[in-house]
Amino acid sequence: MVPTAPPPLFPCQDRGPIHSPPRNPPPAGCPGGCSSPSPIQFTHVEAQRLPAAPSPELPEDILMTIFAALEIPDLVRAGAVRTTWRSAYVALRDLGKHKQPQTPCLLYTSESAAGNIACLYSLVEKRLYRLTLPDPPIRRRFLIGSSLGFLVTVDELSEMQLVNPITGEQIALPSVTTMPHVKPICDDSGAVHKYEYSNNYAKRAFSTSIYAICELRESFYKKAFVFYDASTGSFIVALIHEPFGQLSFARVGDDKWTRLLPHGDYQDCTYKDGLLYAVTIRAEIHAFDLSGSAVTMKIIRGMDMNLDLDAVYIVQAPWGGLLLVSRTLEIEDPADEDADPEIPLPKYTVEIKLHKVDVGTMRLVEIDCLPDHVLFLGHNHALCLSAKEYPALNRNHAYFTDDDEYITGRKSCRRDIGVVDLGSNTKEDLVSPQLWSNWPAPVWITPNLTMMKHAWNNPCLNRRQQLSRSVVTSKS
């Protein structure tokens with residue numbers, strides 16, 4: 001059953017402050033506004049028992065040609081129809097000849113679904129898909145990043161994993177205890193049950209706190225990214241974390257995180273031509289060369305004290321060069337004047353500004369619009385896409401999700417998700433009524449069938465999964 005399509009978006013208006021439409025209440029019986037339409041469900045093709053193909057059947061090469069034009073959700077469904085179709089799907093996936101590029105989708109959880117179910121909303125089809133993900137349950141994790149088709153999640157042990165929701169591949173990242181700020185505290189049996197967290201910076205210790213094993217993630221992690229390093233054929237994960245918005249990275253095969261000192265206050269990252277670019281809240285841009293035995297850093301653009309930004313993204317432009325995209329947020333006024341001041345209020349996007357980084361002077365040049373392009377902003381690796389290559393998307397628009405740095409303190413708040421017309425600066429809801437649970441916060445993801453084919457601490461992952469299941473059981 002295909003859900004009813006949302007109303008037409010983006011009426012043409014003159015540019016001004018962002019105006020939000022009235023917000024519809026969630027459907028009855030759906031806390032937080034969970035989905036009422038019936039989604040299409042699919043699991044991973046290799047795990048299914050498929051019927052034998054009737055005769056006659058199209059040759060595999062013709063099937064592959066047809067399948068190569070499909071978006072990945074439809075491709076996976078097609079591969080589940082019969083054995084010959086599965087064979088064509090697997091061959092297409094292994095050869096990497098599936099449709100490129102893929103259109104980003106919104107990934108979220110729903111209170112109406114099981115804890116290990118993720119929902120995928122296709123912007124092309126205006127349709128929902130349900131994906132069964134590996135343990136630990138996705139609804140018990142935090143989602144702190146999305147790049148190259150992988151989610152970056154944090155489980156109840158405050159440990160990180162990469163998860164490809166399409167293939168089901170899951171890879172453990174180096175332990176949080178390899179960070180210099182975090183030390184494990186073990187119980188009498190030798191199991192980690194607490195963390196000691198030192199809020200230190202530049203060799204100065206400001207304070208030390210003790211966290212329960214599941215509580216560290218509430219305040220330590222900010223945003224994570226996955227990048228492919230073509231020079232080595234490997235993957236790099238960059239992590240912005242506390243204290244003070246520091247930056248660390250790890251490569252496939254590493255058993256610990258490496259800090260990139262001495263700066264902080266980082267907000268966003270991108271990777272281009274072997275360099276990791278990071279931008280601070282004051283629009284200072286640093287470039288890290290990770291290719292050598294020793295990391296080197298160059299300041300590309302200095303700090304701008306005149307900027308007062310709520311959020312900033314560094315984005316690779318399809319025509320070359322870099323964009324800085326800023327986002328202004330406001331706290332929603334309480335409906336009740338006597339509302340409890342201890343209950344956090346939602347934040348909403350009121351303005352998105354665009355700046356081009358001038359290659360010669362490295363100054364920021366404000367631009368009014370992106371007439372032939374589309375932006376995706378949030379906890380994902382920020383994207384600027386060609387509207388010509390993505391005809392289902394609205395040109396000169398920014399699709400955004402909620403990624404406020406204090407988001408863990410606002411889990412119950414309605415998420416700030418929508419679409420902004422960069423020409424008129426007007427905003428529309430992505431869909432109405434809201435489909436997703438408020439927590440974990442939804443993220444944009446670009447479906448990808450690529451397998452990393454590397455074991456990144458798999459024994460460690462198995463141990464953490466067992467511990468995480470124990471935590472889940474103890475809470476049930």
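Details of the structure are given in the entry above.
Along each chain, residues carry numbers from 1 onward, in the same order as the chain's sequence is written. Predicted model: local features are reported for residues with pLDDT of at least 70 only, side-chain atom pairs are reported and counted for 80 or more only, and whole-chain, interface and lining totals are derived from all residues. Side-chain measures were taken over the full set of non-hydrogen atoms in the model, leaving aside hydrogen atoms and water.

### Some words on the sheet that holds strand β20 (residues 311-316)
Step number 1: An order of β20-β21-β22-β23 is seen for the 4 strands of this open sheet, with the pairing classed as antiparallel. Edge strands, defined here as strands with exactly one partner in the open sheet, are β20 and β23 (364-367). Looking at each pair of strands side by side, their axes are set apart by 35° on average, direction ignored.
Step number 2: Note: strand β22 (residues 347-357) against β23, 4 bridges, orientation antiparallel. At least two bridges found by DSSP between two strands are what make those strands a pair. By definition, any uninterrupted DSSP run of H or I lasting at least four residues is a helix, any uninterrupted run of E lasting at least two residues is a strand, and each is numbered from the N terminus. Axis definition: a line fitted to C-alpha atoms, over the contacting stretch in the case of helices. Angles run 0 to 180 degrees between N-to-C directions.

### Focus: the pairing of strand β12 (residues 221-229)
Step number 1: Residue burial is assigned from relative accessible area. The probe radius is 1.4 Å, only protein chains are included, and a residue is buried under 20% of its type maximum, exposed over 50%, and partly exposed in between. In terms of burial, β12 is largely enclosed, as 8 of its 9 residues are buried.
Step number 2: Here β12 pairs with strand β13 (residues 234-241) via 8 bridges, running antiparallel. Following the sheet pairing, Val226 is matched in β13 by Val237.
Step number 3: Connecting β12 to the next strand, β13, in antiparallel fashion are 4 residues, including Gly233 with a positive phi near 70°.

### Points about unusual backbone geometry
Step number 1: Cis geometry is adopted by the peptide bond preceding Pro262, which originates at Leu261 and carries an omega value of 5°.
Step number 2: Assignment of secondary structure puts Pro262 in the loop between β15 (258-260) and β16 (266-272).
Step number 3: Cis geometry marks the peptide bond from Trp439 to Pro440; its omega dihedral reads -5°.
Step number 4: Its place among the elements puts Pro440 in the loop between β28 (426-428) and β29 (443-445).
Step number 5: Residue Lys126 is not a glycine yet carries a positive backbone phi of 55°.
Step number 6: Tracing the backbone through its elements, the reader meets Lys126 in the loop between β3 (117-122) and β4 (127-132).

### A few points about the side chain of Thr109
Step number 1: Here Thr109 is to be found in the loop between β2 (105-108) and β3.
Step number 2: With residues up to four places along the chain from it excluded, the contact list for Thr109 reads Ile117, Ile138, Arg139, Trp436, Ser437, Trp439 and Pro440. Every residue pair with non-hydrogen atoms within 4.5 Å of one another is taken to be in contact.

### Side note on the packing of helix α2 (residues 72-79) against helix α3 (residues 83-95)
Step number 1: The N-to-C vectors of α2 and α3 enclose an angle of 140°; their axes lie 7 Å apart at closest approach. Between α2 and α3, the angle is such that the two are oblique. Every residue of α3 that contacts α2 at Leu75, Val76, Ala78 and Gly79 is listed here: Trp85, Arg86, Tyr89 and Leu92.
Step number 2: Residue polarity follows a fixed list, in which Ala, Val, Leu, Ile, Met, Phe, Trp, Tyr, Cys and Pro are nonpolar, Asp, Glu, Lys and Arg are charged, and the others, Gly among them, are polar. Residue composition of the contact of α2 with α3, by class: 6 nonpolar, 1 polar and 1 charged. Any angle from 65 to 115 degrees is called roughly perpendicular, while one under 35 is roughly parallel, one over 145 is roughly antiparallel, and all others are oblique.

### Structural notes on helix α1 (residues 60-67)
Step number 1: When α1 is considered as a whole, its buried residues turn out to be Leu63, Met64 and Phe67. For α1, the buried positions fall inside an angular range of 100° around the axis, keeping them on one side. Residues of α1 that are exposed and point over 90 degrees away from its buried face: Asp61 and Thr65.
Step number 2: Where α1 is buried, its residues contact α2 and α3. Arc definition: directions from the helix axis to the C-beta atoms.

### Description of the packing of α1 against α3
Step number 1: For the pair α1 and α3, the least separation of the axes is 9 Å and the interaxial angle reads 65°. Along this stretch, α1 crosses α3, giving a crossing that reads as right-handed. Residues Glu60, Leu63, Met64 and Phe67 of α1 form the contact with α3, whose own contacting residues are Thr84, Trp85, Ser87, Ala88, Tyr89, Ala91, Leu92 and Leu95.
Step number 2: Counted by class, the contact of α1 with α3 contains 9 nonpolar, 2 polar and 1 charged residues. Whether a crossing is left-handed or right-handed is set by the direction in which the near helix is turned from the far one by less than a right angle, anticlockwise for left-handed and clockwise for right-handed.

### Focus: the nonpolar core
Soluble globular proteins tend to bury their nonpolar side chains together.
Step number 1: The criterion is simple. A nonpolar core is a set of buried Ala, Val, Leu, Ile, Met, Phe, Trp, Tyr and Cys residues joined through side-chain atoms within 4.5 Å. In this structure, Ile144, Met160 and Leu162 are the most contacted members of the largest nonpolar core, which totals 32 residues.
Step number 2: Breaking this core down by element, the ones donating at least two residues are β5 (142-147), β6 (150-154), β7 (160-163), β10 (192-201), β12 and β13.
Step number 3: Counting 25 residues, the second largest nonpolar core, distinct from the first, contains Ile72, Leu75, Cys105 and Leu133.

### Some points on the pattern of salt bridges
Step number 1: We define a salt bridge as a contact between a side-chain nitrogen of Lys or Arg and a carboxyl oxygen of Asp or Glu at a distance within 4 Å. Tallied over the full model, the rule gives 18 salt bridges.
Step number 2: Among the ionic pairs, Glu125 bridges to Arg127, the shortest N-O distance being 3.2 Å. The exposure classification of Glu125 matches that of Arg127, with both residues buried.

### So, a nonpolar patch on the surface
Step number 1: Where nonpolar side chains cluster on the molecular surface, the patch consists of Leu58, Ile62 and Ile66 and spans about 250 Å² of accessible area.
Step number 2: Summarising the element assignment, Ile62 is placed in helix α1. The patch calculation keeps residues exceeding 30% relative accessible area without a salt bridge and links them within 9 Å when they carry like charges or within 5 Å when they are nonpolar (Val, Leu, Ile, Met, Phe, Trp, Tyr). To be clear on the numbers: accessible area is Shrake-Rupley with a 1.4 Å probe, and residue cover counts the displayed protein chains and nothing else.

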